[in-house]
Amino acid sequence: ADRRGGGAGWGGGSSFANTWLLEGNGPVRQGAVAALLPGRLSLATQIMHGCSPASAPMTITKIEGNVLYEIDGRPALTVILETMGMAPTEENLKNLTLTATIGKKTGDPYAPFREEDYVNRLIVAALPQPGAVVLFDADFEPGATIRLMTRDNEMMLASTRAGMAGALARVPRPALALYVDCAGRHSRWCGADREEADLVREGLEGIAPLLGFYSGVEIAPMGGRSRALDWTGVLTLFTVSDA
(Lines give C-alpha, C1' and ligand atoms only; values in the text may rest on other atoms or scores of the structure.)
Protein backbone atom coordinates (compact mmCIF):
# COMPACT_ATOMS: atom_id res chain seq x y z
CA ALA A 1 0.00 0.00 0.00
CA ASP A 2 1.08 3.59 -0.52
CA ARG A 3 2.79 4.93 2.58
CA ARG A 4 0.26 7.77 2.66
CA GLY A 5 -2.65 5.34 2.57
CA GLY A 6 -5.31 5.38 5.25
CA GLY A 7 -8.80 4.05 5.71
CA ALA A 8 -10.94 1.73 7.79
CA GLY A 9 -12.43 -1.71 8.12
CA TRP A 10 -16.19 -1.86 8.44
CA GLY A 11 -17.73 -3.35 11.55
CA GLY A 12 -21.15 -4.95 11.69
CA GLY A 13 -22.22 -3.31 14.95
CA SER A 14 -21.60 -4.55 18.48
CA SER A 15 -22.42 -8.11 17.39
CA PHE A 16 -19.77 -8.04 14.60
CA ALA A 17 -22.38 -9.07 12.04
CA ASN A 18 -21.54 -9.49 8.36
CA THR A 19 -20.86 -6.32 6.39
CA TRP A 20 -21.24 -5.62 2.69
CA LEU A 21 -19.78 -3.28 0.09
CA LEU A 22 -21.37 -2.11 -3.11
CA GLU A 23 -19.26 -2.37 -6.25
CA GLY A 24 -20.17 -2.02 -9.93
CA ASN A 25 -22.09 -5.29 -10.15
CA GLY A 26 -23.72 -5.41 -6.73
CA PRO A 27 -23.00 -6.14 -3.06
CA VAL A 28 -19.86 -8.08 -2.10
CA ARG A 29 -18.23 -9.40 1.07
CA GLN A 30 -14.50 -9.55 1.81
CA GLY A 31 -13.93 -6.70 -0.62
CA ALA A 32 -12.14 -3.37 -0.59
CA VAL A 33 -12.78 0.04 -2.07
CA ALA A 34 -9.91 2.46 -2.72
CA ALA A 35 -9.70 6.07 -3.88
CA LEU A 36 -6.64 7.38 -5.72
CA LEU A 37 -6.27 11.05 -4.84
CA PRO A 38 -4.92 13.69 -7.26
CA GLY A 39 -1.39 14.97 -6.84
CA ARG A 40 -2.57 18.46 -5.83
CA LEU A 41 -4.05 16.99 -2.67
CA SER A 42 -1.62 16.62 0.25
CA LEU A 43 -2.32 14.63 3.41
CA ALA A 44 -1.16 14.91 7.01
CA THR A 45 -2.13 12.14 9.42
CA GLN A 46 -2.34 12.19 13.21
CA ILE A 47 -2.63 8.91 15.16
CA MET A 48 -4.23 9.10 18.62
CA HIS A 49 -4.90 6.30 21.11
CA GLY A 50 -3.69 7.25 24.58
CA CYS A 51 -2.05 3.92 25.47
CA SER A 52 1.24 4.07 27.40
CA PRO A 53 3.83 1.36 28.16
CA ALA A 54 3.26 -0.59 31.37
CA SER A 55 6.19 -2.99 30.97
CA ALA A 56 9.70 -3.38 29.66
CA PRO A 57 10.04 -4.98 26.21
CA MET A 58 8.94 -8.62 26.15
CA THR A 59 8.98 -11.37 23.55
CA ILE A 60 6.09 -13.41 22.17
CA THR A 61 7.18 -17.03 22.48
CA LYS A 62 3.95 -18.75 21.43
CA ILE A 63 1.05 -17.43 19.41
CA GLU A 64 -1.38 -19.14 17.03
CA GLY A 65 -3.53 -16.86 14.92
CA ASN A 66 -4.98 -14.31 17.31
CA VAL A 67 -4.53 -16.46 20.44
CA LEU A 68 -1.49 -15.37 22.43
CA TYR A 69 -0.29 -18.27 24.59
CA GLU A 70 3.14 -17.32 25.93
CA ILE A 71 5.18 -14.20 26.67
CA ASP A 72 8.84 -14.76 27.61
CA GLY A 73 8.14 -18.48 27.92
CA ARG A 74 5.34 -18.06 30.49
CA PRO A 75 1.55 -18.15 30.16
CA ALA A 76 0.53 -14.86 28.59
CA LEU A 77 -2.45 -14.32 30.89
CA THR A 78 -0.27 -14.77 33.99
CA VAL A 79 2.31 -12.29 32.71
CA ILE A 80 -0.33 -9.70 31.84
CA LEU A 81 -2.14 -9.94 35.18
CA GLU A 82 1.11 -9.77 37.15
CA THR A 83 2.35 -6.78 35.18
CA MET A 84 -0.93 -4.92 35.55
CA GLY A 85 -1.14 -5.74 39.29
CA MET A 86 -4.44 -7.54 38.84
CA ALA A 87 -5.63 -10.62 40.72
CA PRO A 88 -7.06 -13.45 38.56
CA THR A 89 -10.65 -12.74 39.59
CA GLU A 90 -13.63 -13.20 37.30
CA GLU A 91 -14.25 -9.44 37.28
CA ASN A 92 -10.64 -8.61 36.39
CA LEU A 93 -10.61 -11.17 33.59
CA LYS A 94 -13.79 -9.65 32.22
CA ASN A 95 -12.43 -6.10 32.43
CA LEU A 96 -8.97 -6.88 31.06
CA THR A 97 -9.96 -5.60 27.63
CA LEU A 98 -10.73 -2.19 29.18
CA THR A 99 -7.38 -1.78 30.92
CA ALA A 100 -4.64 -3.31 28.77
CA THR A 101 -3.51 -3.73 25.18
CA ILE A 102 -0.53 -5.42 23.54
CA GLY A 103 1.71 -2.87 21.83
CA LYS A 104 4.27 -3.44 19.08
CA LYS A 105 6.63 -0.58 18.25
CA THR A 106 7.49 0.45 14.70
CA GLY A 107 10.65 2.27 13.70
CA ASP A 108 13.69 2.77 15.95
CA PRO A 109 13.29 0.48 19.01
CA TYR A 110 15.44 2.81 21.13
CA ALA A 111 13.76 6.09 20.22
CA PRO A 112 11.84 8.00 22.93
CA PHE A 113 8.21 6.99 23.42
CA ARG A 114 5.67 8.37 20.94
CA GLU A 115 2.19 6.89 20.92
CA GLU A 116 1.97 7.16 17.14
CA ASP A 117 4.83 4.62 16.82
CA TYR A 118 2.82 1.79 18.43
CA VAL A 119 0.42 -0.68 16.89
CA ASN A 120 -1.86 -1.82 19.71
CA ARG A 121 -3.91 -4.98 19.76
CA LEU A 122 -7.00 -5.15 21.95
CA ILE A 123 -7.44 -8.10 24.29
CA VAL A 124 -10.97 -9.31 23.56
CA ALA A 125 -11.06 -12.33 25.87
CA ALA A 126 -9.07 -14.12 28.57
CA LEU A 127 -8.73 -17.92 28.52
CA PRO A 128 -7.86 -19.08 32.06
CA GLN A 129 -7.14 -22.50 30.62
CA PRO A 130 -4.54 -22.62 29.09
CA GLY A 131 -3.61 -19.15 30.40
CA ALA A 132 -3.93 -17.35 27.05
CA VAL A 133 -5.58 -14.21 25.72
CA VAL A 134 -7.44 -13.61 22.47
CA LEU A 135 -6.35 -10.55 20.48
CA PHE A 136 -8.55 -8.57 18.12
CA ASP A 137 -6.27 -9.23 15.12
CA ALA A 138 -4.02 -12.09 14.04
CA ASP A 139 -0.92 -10.28 12.77
CA PHE A 140 1.60 -10.68 15.62
CA GLU A 141 4.18 -13.44 15.23
CA PRO A 142 6.46 -15.57 17.46
CA GLY A 143 9.64 -13.68 18.31
CA ALA A 144 7.98 -10.25 18.09
CA THR A 145 9.02 -7.69 20.69
CA ILE A 146 6.02 -6.24 22.49
CA ARG A 147 5.14 -4.19 25.53
CA LEU A 148 2.07 -4.34 27.68
CA MET A 149 0.21 -1.06 27.37
CA THR A 150 -2.20 0.47 29.84
CA ARG A 151 -5.22 2.45 28.73
CA ASP A 152 -8.07 4.35 30.29
CA ASN A 153 -10.59 6.96 29.24
CA GLU A 154 -8.73 9.95 30.68
CA MET A 155 -5.61 9.02 28.71
CA MET A 156 -7.75 8.62 25.61
CA LEU A 157 -9.22 12.11 25.96
CA ALA A 158 -5.84 13.65 26.77
CA SER A 159 -4.34 11.97 23.71
CA THR A 160 -7.05 13.41 21.47
CA ARG A 161 -6.60 16.93 22.83
CA ALA A 162 -2.83 16.76 22.35
CA GLY A 163 -3.17 15.16 18.91
CA MET A 164 -5.58 17.81 17.71
CA ALA A 165 -3.24 20.57 18.84
CA GLY A 166 -0.27 18.91 17.12
CA ALA A 167 -2.14 18.29 13.87
CA LEU A 168 -3.41 21.86 13.58
CA ALA A 169 0.04 23.23 14.41
CA ARG A 170 1.37 21.35 11.35
CA VAL A 171 -1.63 22.10 9.13
CA PRO A 172 -3.36 25.23 10.46
CA ARG A 173 -5.64 25.70 7.43
CA PRO A 174 -6.81 22.33 6.11
CA ALA A 175 -9.30 22.20 3.28
CA LEU A 176 -10.98 19.06 4.65
CA ALA A 177 -10.65 16.74 7.63
CA LEU A 178 -11.42 13.02 7.88
CA TYR A 179 -11.65 11.27 11.26
CA VAL A 180 -11.78 7.48 11.48
CA ASP A 181 -12.50 6.48 15.08
CA CYS A 182 -12.53 3.05 16.70
CA ALA A 183 -16.10 2.16 17.65
CA GLY A 184 -14.82 1.01 21.04
CA ARG A 185 -13.97 4.62 21.88
CA HIS A 186 -17.66 5.56 21.78
CA SER A 187 -18.71 6.53 25.31
CA ARG A 188 -21.48 3.92 25.32
CA TRP A 189 -18.86 1.19 24.96
CA CYS A 190 -15.90 2.53 26.93
CA GLY A 191 -17.81 4.46 29.62
CA ALA A 192 -16.05 7.81 29.07
CA ASP A 193 -17.63 10.91 30.61
CA ARG A 194 -17.87 12.55 27.20
CA GLU A 195 -17.59 11.65 23.54
CA GLU A 196 -13.98 11.58 22.43
CA ALA A 197 -15.01 12.36 18.84
CA ASP A 198 -16.60 15.61 20.07
CA LEU A 199 -13.12 16.92 20.85
CA VAL A 200 -12.22 16.51 17.18
CA ARG A 201 -15.44 18.11 15.98
CA GLU A 202 -15.07 21.06 18.36
CA GLY A 203 -11.39 21.53 17.51
CA LEU A 204 -12.17 21.81 13.78
CA GLU A 205 -15.28 23.95 14.10
CA GLY A 206 -14.91 27.03 11.94
CA ILE A 207 -11.62 25.74 10.51
CA ALA A 208 -12.49 22.95 8.07
CA PRO A 209 -15.41 20.68 7.15
CA LEU A 210 -15.19 17.33 8.91
CA LEU A 211 -16.22 13.88 7.72
CA GLY A 212 -16.04 11.16 10.36
CA PHE A 213 -17.32 7.71 11.24
CA TYR A 214 -16.76 4.86 13.68
CA SER A 215 -14.93 1.81 12.36
CA GLY A 216 -14.06 -1.76 13.21
CA VAL A 217 -10.39 -1.29 12.26
CA GLU A 218 -8.49 1.92 11.59
CA ILE A 219 -5.80 2.07 8.89
CA ALA A 220 -2.98 4.62 8.91
CA PRO A 221 0.56 5.04 7.56
CA MET A 222 3.20 3.88 10.05
CA GLY A 223 6.81 2.96 9.45
CA GLY A 224 6.59 3.43 5.69
CA ARG A 225 3.43 1.41 5.04
CA SER A 226 -0.24 1.30 5.90
CA ARG A 227 -1.13 -0.66 9.03
CA ALA A 228 -4.33 -1.81 10.69
CA LEU A 229 -4.77 -0.38 14.19
CA ASP A 230 -7.00 -0.97 17.22
CA TRP A 231 -8.43 1.48 19.78
CA THR A 232 -7.23 4.40 17.70
CA GLY A 233 -8.47 7.65 16.25
CA VAL A 234 -6.88 8.58 12.90
CA LEU A 235 -7.23 12.19 11.82
CA THR A 236 -6.30 13.10 8.24
CA LEU A 237 -6.04 16.75 7.22
CA PHE A 238 -6.18 17.56 3.49
CA THR A 239 -4.61 20.57 1.81
CA VAL A 240 -4.81 21.60 -1.86
CA SER A 241 -1.86 23.14 -3.69
CA ASP A 242 -2.24 25.83 -6.33
CA ALA A 243 -0.10 23.98 -8.89
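Every value quoted in this text rests on a predicted model; they were computed, and no experiment measured them.

Q: Whenever I open this one, the packing of helix 1 (residues 76-84) against helix 2 (residues 90-99) confuses me. Can you help?
A: Two measures define how a pair of helices packs: the angle their axes make with one another and the distance between the axes. Look at helix 1 against helix 2: their axes get within 12 Å of each other, and the N-to-C directions meet at 75°. Considering their axes alone, helix 1 and helix 2 lie roughly perpendicular with respect to each other. Along its contact with helix 1, which presents Leu77, Ile80, Leu81 and Met84, the element helix 2 presents Leu93, Leu96 and Thr99. Each residue belonging to the contact of helix 1 with helix 2 can be placed in one class, and the counts come to 6 nonpolar, 1 polar and no charged.

Q: I keep staring at the pairing of strand 7 (residues 67-71) and nothing clicks. Help me out?
A: Residues in a regular strand project their side chains so that they alternate between the two faces of the sheet. Judged from the 4 bridges that link them, strand 6 (residues 58-64) and strand 7 form a sheet pairing that is antiparallel. Looking at strand 7, one finds that Ile60 is bridged to Ile71. Between strand 6 and strand 7, which pair antiparallel and follow one another directly, the connecting turn spans 2 residues, one of which, Gly65, has a positive phi of 65°. In the sheet, strand 7 pairs with strand 11 (residues 132-135) via 2 bridges, with the strands oriented antiparallel. Note on strand 11: the bridge partner recorded for Leu68 is Val133. With 2 bridges connecting them, strand 7 and strand 8 (residues 74-75) associate as antiparallel partners. In the strand pairing of strand 8, Glu70 is matched with Pro75. As consecutive antiparallel partners, strand 7 and strand 8 are separated by 2 residues, and within that stretch Asp72 has a phi angle of approximately 55°, a positive value.

Q: I keep staring at the pattern of salt bridges and nothing clicks. Help me out?
A: Pairing is possible between side chains of opposite charge, provided their charged atoms come close. Under the counting rule described, the total for this entry stands at 12 salt bridges. One salt bridge in this structure joins Asp198 and Arg201, with 3.4 Å as the shortest N-O distance. Remark: Arg201 and Asp198 occur in helix 5 (residues 196-204); sequence separation between them is 3 residues, near one turn of the helix. Note on Arg201: relative accessible area 42%, which makes it partly exposed. Salt-bridge contacts for Arg201 lead to Glu202; the nearest nitrogen and oxygen are separated by 3.9 Å. Overall, Glu202 belongs to the partly exposed group, its relative accessible area being 37%.

Q: Explain the sheet that holds strand 14 (residues 210-215) to me, please; I cannot follow it from the model alone.
A: The strands that make up a sheet are held in pairs by hydrogen bonds between backbone atoms, and each pair lies either parallel or antiparallel. One open sheet accounts for 4 strands, arranged 4-17-13-14; its pairing is mixed. Lying at the two open borders of the sheet, with one neighbouring strand each, are strand 4 (41-48) and strand 14. Each neighbouring strand pair of the sheet contributes to a mean axis angle of 15°, computed without reference to strand direction. Sheet contacts for helix 3 (residues 153-170): strand 4, strand 13 (176-182) and strand 17 (233-240); angle to strand 4, the most-contacted strand, approximately 160°. Contacts from helix 5 reach strand 13, strand 14 and strand 17, with the element oriented near 175° to strand 13.

Q: So what exactly am I meant to see when it comes to the packing of helix 3 against helix 5 here?
A: Two numbers describe how helix 3 lies on helix 5: the axes approach to 9 Å, and their chain directions differ by 25°. The orientation of helix 3 relative to helix 5 falls into the category roughly parallel. For the pair helix 3 and helix 5, the sense of crossing is right-handed. Where helix 3 approaches helix 5, its residues Met156, Leu157, Thr160, Arg161, Met164 and Leu168 are matched on the opposing element by Glu196, Leu199, Val200, Gly203 and Leu204. By residue class, the composition of the contact of helix 3 with helix 5 is 7 nonpolar, 2 polar and 2 charged.

Q: What's the story with unusual backbone geometry in this structure? I'm lost.
A: The phi torsion of most residues other than glycine is negative, and most of the peptide bonds are trans. The amide bond that connects Gln129 to the next residue, Pro130, takes the cis arrangement and shows omega of 20°. Relative to the helices and strands, Pro130 is located in the loop between strand 10 (118-127) and strand 11. Of note, the phi angle at Asp72 is positive, near 55°, even though the residue is not glycine. Among the secondary structure elements, Asp72 is positioned in the loop between strand 7 and strand 8. One non-glycine residue, Trp231, adopts positive backbone phi at about 50°.

What counts and what doesn't
- Throughout this document, residue positions are counted from 1 along each chain, in the order its sequence is written.
- With pLDDT at 70 or above as the cut-off, local features in this predicted model cover only qualifying residues; side-chain atom pairs require 80 or more to be listed or tallied, and sums for whole chains, interfaces and linings still use all residues.
- Values shown for side chains rest on all heavy atoms present in the structure; no hydrogens or waters enter the calculation.
- All axes are obtained by fitting lines to C-alpha atoms, using only the stretch in contact for helices, and the reported angles, taken between N-to-C directions, cover 0 to 180 degrees.
- Numbered from the N terminus, helices here are DSSP runs of H or I no shorter than four residues, and strands are runs of E no shorter than two.
- Any angle that is under 35 degrees is reported as roughly parallel, and any over 145 degrees as roughly antiparallel; angles of 65 to 115 degrees are reported as roughly perpendicular and all others as oblique.
- Throughout, a contact is declared for two residues whenever any of their heavy atoms are within 4.5 Å.
- Note on residue categories: nonpolar means Ala, Val, Leu, Ile, Met, Phe, Trp, Tyr, Cys or Pro, charged means Asp, Glu, Lys or Arg, and polar means any other residue, Gly included.
- Pairing between two strands requires that DSSP report at least two bridges joining them.
- In the sections that follow, a salt bridge refers to a side-chain nitrogen of Lys or Arg positioned within 4 Å of a carboxyl oxygen of Asp or Glu.
- Only protein chains enter the accessibility calculation, which uses a 1.4 Å probe; a residue is then buried when its area is under 20% of its type maximum, exposed when over 50%, and partly exposed in between.
- Here a crossing is taken to be left-handed if its near helix is turned anticlockwise relative to the far helix by less than a right angle, and right-handed if that turn runs clockwise.

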